[in-house]
Amino acid sequence: MAYFSIHEGGVGLRRQQTTKAHSVFPGLFLAGLIAALAFGLRHLPGVHQISPLILAILIGMAFHNLIGTPAIAKAGVAFSLKRILRTGIVLLGLQLTVQQVIAVGGLGMAVIVATLLATFAFTTWLGRVLKVDARLTQLIASGSSICGASAVIATNAVTRARDEDVAYAVACVTIFGSLSMMLMPVIAGLFDMGPQAYGLWTGASVHEVAQVVAAAYARGQEAGEFGTIAKLTRVMMLAPVVLGLGFLAARKRLSAGGAANRAATPLPWFVFGFVAMVALASTSWVPEATAPYTTGITQFLLAMALAAMGLETDMRKLAAAGIRPALLGAGAWVFISVFSLGLVLLLT
């Protein structure tokens, strides 16, 4: 009797796992389909400069608000927002190396770190002045000061904001980063900036990696290469910032509810995976020939996560946030652009 009881329990467990896998698959398929469509749209004229991450969340939002996310897809969408997202952020570390930081130089690194910290502090202060929700303020601050949509979704792992807040923050970094992409080459001409100075300015201030590439290469190969390296160095700051926000969130929850809230404190383990991948990429163990594949897989996983974000974003709730978060995003954009330009002109 005991044998049959254990055996039946094992069958029941396998059935439960199979059912769970089936419940996750439709949402994963939908998010993957939207991500694939986002990558496909980049081949259209005038669309290739837009990040597939941005396209993915826009398509997901359009699908959810015009058609509606099917109930059968909910489990897979939630899985994409957690597991797929964190896997993508861990793999993002393979695109960065310690050697890239060294190539930027001490002066360039100082400009990048000073700009990031000043922008984050200013945006946090401005958010309080404008009375924007603290979690949305942190998302906009991270996206503006570090690396756009990737920083927004990584930061949300510890801030736990609403999906509408994440979508709003992504919209801010998309719109204002695109403005930088168009305006910065013109402004650089007015100041007669050299290629390295201009590349450092774009890498230290433009939100998305794709936007930096477009803006930096607009003034030549040397500016483009230096701008890209500076931007990737800035992306490396994602780890300490998210860990710092997680630590602050932990202290806040513990002080509010004591030890009972310890279990609710977010610990961003994926950031340690991100750091481990940076360390791995800095060795000679990863063949250079694999870089296009790992980069493509990383971008696809992040696009799936943002597609899932869009599939849970209600446009009515997004509109209800009002104009103040948009003013916050604009203020952060102006600050990071002017502050970094001043440092570059002063120090280079």
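Since this is a predicted model, take the numbers as computed values, not measurements. (Residues numbered from 1 in each chain as written. Predicted model: local features only at pLDDT ≥ 70, side-chain atom pairs only at ≥ 80, totals over all residues. Heavy atoms only, no water.)

(A) Expanded view of the overall build of the protein. In terms of regular secondary structure, the protein is built from 15 helices and 0 strands. The burial tally for the protein puts 49% of its 348 residues in the buried class. Within the protein, counting contacts between residues at least 6 apart in sequence, those at least 24 apart form 82% of the total. Carbon and sulfur atoms make up 70% of the accessible area of the protein, which amounts to about 16,500 Å² in all. (Helix = DSSP H or I, 4+ residues; strand = E, 2+ residues; numbered from the N terminus. Buried < 20%, exposed > 50% of the residue type's maximum accessible area, 1.4 Å probe, protein only. Contact = heavy atoms within 4.5 Å. Areas by Shrake-Rupley, 256 points an atom, 1.4 Å probe, with all protein chains shown as cover.)

(B) Highlighting the side chain of Thr 298. Along the chain, Thr 298 falls in helix α13 (residues 291–310). A relative accessible area of 0% means that Thr 298 is categorised as buried. In this structure Thr 298 touches Gly 88, Leu 91, Leu 92 and Gln 95, once residues within four positions along its chain are discounted.

(C) Inspection of the packing of aromatic side chains at higher detail. What the rule picks out here adds up to 7 aromatic pairs. For the ring pair Phe 176 and Trp 333, a centre distance of 5.5 Å and an interplane angle of 25° mean the geometry is stacked. Separated by 157 residues along the polypeptide, Phe 176 in helix α7 (residues 163–191) and Trp 333 in helix α15 (residues 324–347) bring together distant segments of the chain. Exposure class is identical for Phe 176 and Trp 333. Each is buried. (Phe/Tyr/Trp six-rings, centres within 6.5 Å; stacked < 30°, edge-to-face > 60°.)

(D) Quick look at the pattern of salt bridges. Taken as a whole and assessed by the stated rule, the structure comprises 2 salt bridges. The shortest N-O distance in the salt bridge between Arg 162 and Asp 165 comes to 3.1 Å. (Salt bridge = Lys/Arg side-chain N within 4 Å of Asp/Glu carboxyl O.)

(E) Spatial organisation of helix α10 (residues 221–235). Spanning 15 residues, α10 covers 21 Å between terminal C-alpha atoms, matching the ideal 21 Å at 1.5 Å per step. α10 sits mainly inside the fold: 11 of its 15 residues count as buried. Residues Ala 223, Gly 224, Phe 226, Gly 227, Thr 228, Ala 230, Lys 231, Leu 232, Thr 233, Arg 234 and Val 235 constitute the buried set of α10. (Expected span 1.5 Å × (residues − 1).)

(F) Examining the nonpolar core more closely. If you look at the biggest cluster of nonpolar residues, it comprises 76 residues, and the most contacted ones within it are Ile 89, Val 170, Leu 238, Phe 270 and Leu 306. Excluding its chain neighbours within four sequence positions, the residues that come into contact with Ile 89 are Ala 154, Leu 238, Phe 270, Phe 274 and Leu 302. By size, the runner-up hydrophobic cluster in this structure holds 21 residues, among which are Val 111, Ile 112, Ala 197 and Ala 223. (Core = buried A, V, L, I, M, F, W, Y, C linked by side-chain atoms within 4.5 Å.)

(G) Summary view of the environment of Gly 244. Within the secondary structure, Gly 244 is located in helix α11 (residues 238–257). Residue classification places Gly 244 among the partly exposed residues on the basis of a relative accessible area of 27%. Between the C-alpha atoms of Gly 244 and Val 158, which are 86 residues apart in sequence, the distance is 9.8 Å.

(H) Representation of α7 within the structure. Its 29 residues give α7 an end-to-end C-alpha distance of 41 Å, which sits within 8% of 42 Å, the value for a rise of 1.5 Å per residue. Where α7 bends most, at Leu 183, the angle is about 40°, and the proline Pro 185 comes one to four residues later. Looking at the residues trailing α7, positive phi occurs at Asp 192, about 55°. (Bend = angle between axes of the 7 residues up to and from the residue.)

(I) Broad picture of the packing of helix α6 (residues 149–159) against α7. Orientation of α6 relative to α7, taken along the N-to-C sense of each, is 155°, at an axis distance of 9 Å. By the angle between their directions, the pair α6 and α7 is classed as roughly antiparallel. As for the relative orientation of α6 and α7, their crossing is right-handed in sense. Of the residues in α7, those touching α6 at Ala 149, Val 152, Ile 153 and Asn 156 are Val 166, Ala 169, Val 170 and Val 173. Its residues placed into classes, the contact of α6 with α7 shows 7 nonpolar, 1 polar and no charged. (Axes fitted to C-alpha atoms, helices over the stretch in contact; angles between N-to-C directions. Parallel < 35°, antiparallel > 145°, perpendicular 65-115°, else oblique. Left-handed = near helix turned anticlockwise from the far one by under 90°. Nonpolar A, V, L, I, M, F, W, Y, C, P; charged D, E, K, R; others polar.)

(J) View of the environment of Met 181. Take Met 181: it is sitting in helix α7. Among the residues examined, Met 181 registers a relative accessible area of 14% and is labelled buried. In this structure, the C-alpha to C-alpha distance between Met 181 and Ala 218, residues 37 residues apart in sequence, is 9.0 Å.

(K) Broad picture of the confidence of the model for the protein. This prediction gives the protein a mean pLDDT of 83; 89% of its residues lie at or above 70. Low pLDDT (under 50) marks residues 1–19, which in the prediction has 0 contacts with non-local residues, meaning those over four places away or in another chain. Low pLDDT, under 50, characterises residues 259–266; the stretch is placed with 16 contacts to residues that sit more than four places away or in other chains. (pLDDT = per-residue confidence, 0-100.)

(L) Seen up close, the environment of Gly 224. Relative to the helices and strands, Gly 224 resides in helix α10. In this structure, the C-alpha to C-alpha distance between Gly 224 and Gly 199, residues 25 residues apart in sequence, is 6.2 Å. In this structure, Gly 224 is in contact with Ala 216 and Tyr 217, ignoring residues within four places of it in sequence.

(M) Broad picture of unusual backbone geometry. In this model, Lys 131 sits at a positive phi of 60°, which is unusual for a non-glycine residue. Within the element layout of this structure, Lys 131 appears in the loop between α4 (98–130) and α5 (134–147). Note on Lys 131: relative accessible area 66%, which makes it exposed. Even without being a glycine, Asp 192 presents a positive backbone phi close to 55°. In this structure, Asp 192 sits in the loop between α7 and α8 (195–205).

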